[in-house]
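A structural walkthrough
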Amino acid sequence: SEMCIRDRLVPQTEEEESEVIGEEPPRELLAFMVASEAYAFDLSNVREILRLKPITPVPRTSLSVLGVVTVRGQVTTVFDLRHVLRLEPEEATRHARILLIALGDEVVGVLVDRVLQVFRLESDEVELTSGPSGESSDHIIGIGRPRERTRGRDGSADFLVLIDPEALIRRFLA
């Protein structure tokens, strides 16, 4: 019985270890570039990363909607992240990707300039926003400061702007 009790006290996995110590597990984030800024979505929201494919425009939709694509037989709306972030429009390059984001039962696409990498950030590397936020920033949930920096041909980013995709899509549809 002594062996059994000791085994229960020794954490078996990283998750169990963080529970024993009382720390939060690392936050996994998919980092990407839009214009010259680095942003990130929680990896749990990202269903898939697609190479840029032809987007069919849809008449009489919001300026934030680029159009639709078909992914394995499903029609998916693609949103223009540059528009909602109030950035200058720019022609997509060969590095552009469509991130498929799961929002409950619905999947939507978000066009980004370049996907960087997945980061695992510890709680001390993430500063969550607090207090009342303005309508222009309700989709920004914090700043990530990875100890390991994002490196790309466009330079390096010292921080990631963390975005809540659900709030962002609500803003797209507004």
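Parameters and conventions
Residues numbered from 1 in each chain as written. Predicted model: local features only at pLDDT ≥ 70, side-chain atom pairs only at ≥ 80, totals over all residues. Heavy atoms only, no water. Pairing = 2+ DSSP bridges. Helix = DSSP H or I, 4+ residues; strand = E, 2+ residues; numbered from the N terminus. Axes fitted to C-alpha atoms, helices over the stretch in contact; angles between N-to-C directions. Contact = heavy atoms within 4.5 Å. Salt bridge = Lys/Arg side-chain N within 4 Å of Asp/Glu carboxyl O. Buried < 20%, exposed > 50% of the residue type's maximum accessible area, 1.4 Å probe, protein only. Phe/Tyr/Trp six-rings, centres within 6.5 Å; stacked < 30°, edge-to-face > 60°.

**Let's talk about the sheet that holds strand 10 (residues 140-144)**
Taken in spatial order, the six strands line up as 8-1-2-13-10-9 in an open sheet, and their pairing is mixed. The open sheet is flanked by strand 8 (114-121) and strand 9 (126-128), the only strands paired with a single partner. On average, adjacent strands in this sheet sit at an angle of 30° to one another, irrespective of strand direction. Bridge analysis of strand 9 against strand 10 gives three bridges, and the strand direction is antiparallel. Looking across to strand 10, one finds that valine 126 is bridged to glycine 144.

**Let's talk about the sheet that holds strand 7 (residues 106-112)**
Taken in spatial order, the five strands line up as 3-6-7-5-4 in an open sheet, and their pairing is mixed. Both edges of this open sheet fall to strand 3 (46-51) and strand 4 (65-71), since each of them pairs with a single strand only. The average angle at which neighbouring strand axes cross in this sheet is 30°, direction not considered. The sheet contact formed by strand 4 and strand 5 (residues 74-80) spans six bridges and is antiparallel. Bridge assignment links valine 69 to a residue of strand 5, and that residue is threonine 76.

**Here we look at the environment of leucine 85**
Along the chain, leucine 85 turns up in the loop between helix 3 (81-84) and strand 6 (97-103). For the pair leucine 85 and histidine 139, spaced 54 residues apart in sequence, the C-alpha separation works out to 9.9 Å. Here leucine 85 is in contact with Val34, Tyr39 and His139, once residues within four sequence places are set aside.

**Some details on the pattern of salt bridges**
Two side chains bearing opposite charge may form a pair once their charged atoms approach each other closely. By the definition in use, this model includes four salt bridges. A salt bridge links arginine 72 to glutamate 48; the nearest nitrogen and oxygen atoms lie 2.3 Å apart. Here glutamate 48 lies in strand 3 and arginine 72 lies in the loop between strand 4 and strand 5, a separation of 24 residues in the sequence. Arginine 72 gets classed as exposed once you look at its relative accessible area, which sits at 65%. Measuring nitrogen to oxygen at the nearest pair gives 3.7 Å for the salt bridge that ties arginine 82 to glutamate 90. With a relative accessible area of 7%, arginine 82 lands in the buried category. Counted as one network, the salt bridges with shared partners bring together Arg82, Glu90 and Asp113.

**Section: the packing of aromatic side chains**
Given two aromatic rings, one states the distance between the centres and the angle between the planes to describe the pair. Using the criterion set out here, one finds two aromatic pairs in the structure. Relative to tyrosine 39, the ring of phenylalanine 32 has its centre 6.2 Å away and its plane inclined at 25°; by these criteria the two rings are stacked. Overall, the relative accessible area of 8% leaves tyrosine 39 in the buried class. Their ring planes at 50° and their centres at 5.0 Å tell us that phenylalanine 32 and phenylalanine 41 sit as a pair that is tilted. Since its relative accessible area comes to 0%, phenylalanine 32 is described here as buried. Taking the relative accessible area as the measure of exposure, phenylalanine 41 reaches 0% and is therefore buried. Grouping aromatic residues by their ring pairs yields a cluster made of Phe32, Tyr39 and Phe41.

In short, shape yes, function no, at least from these values alone.
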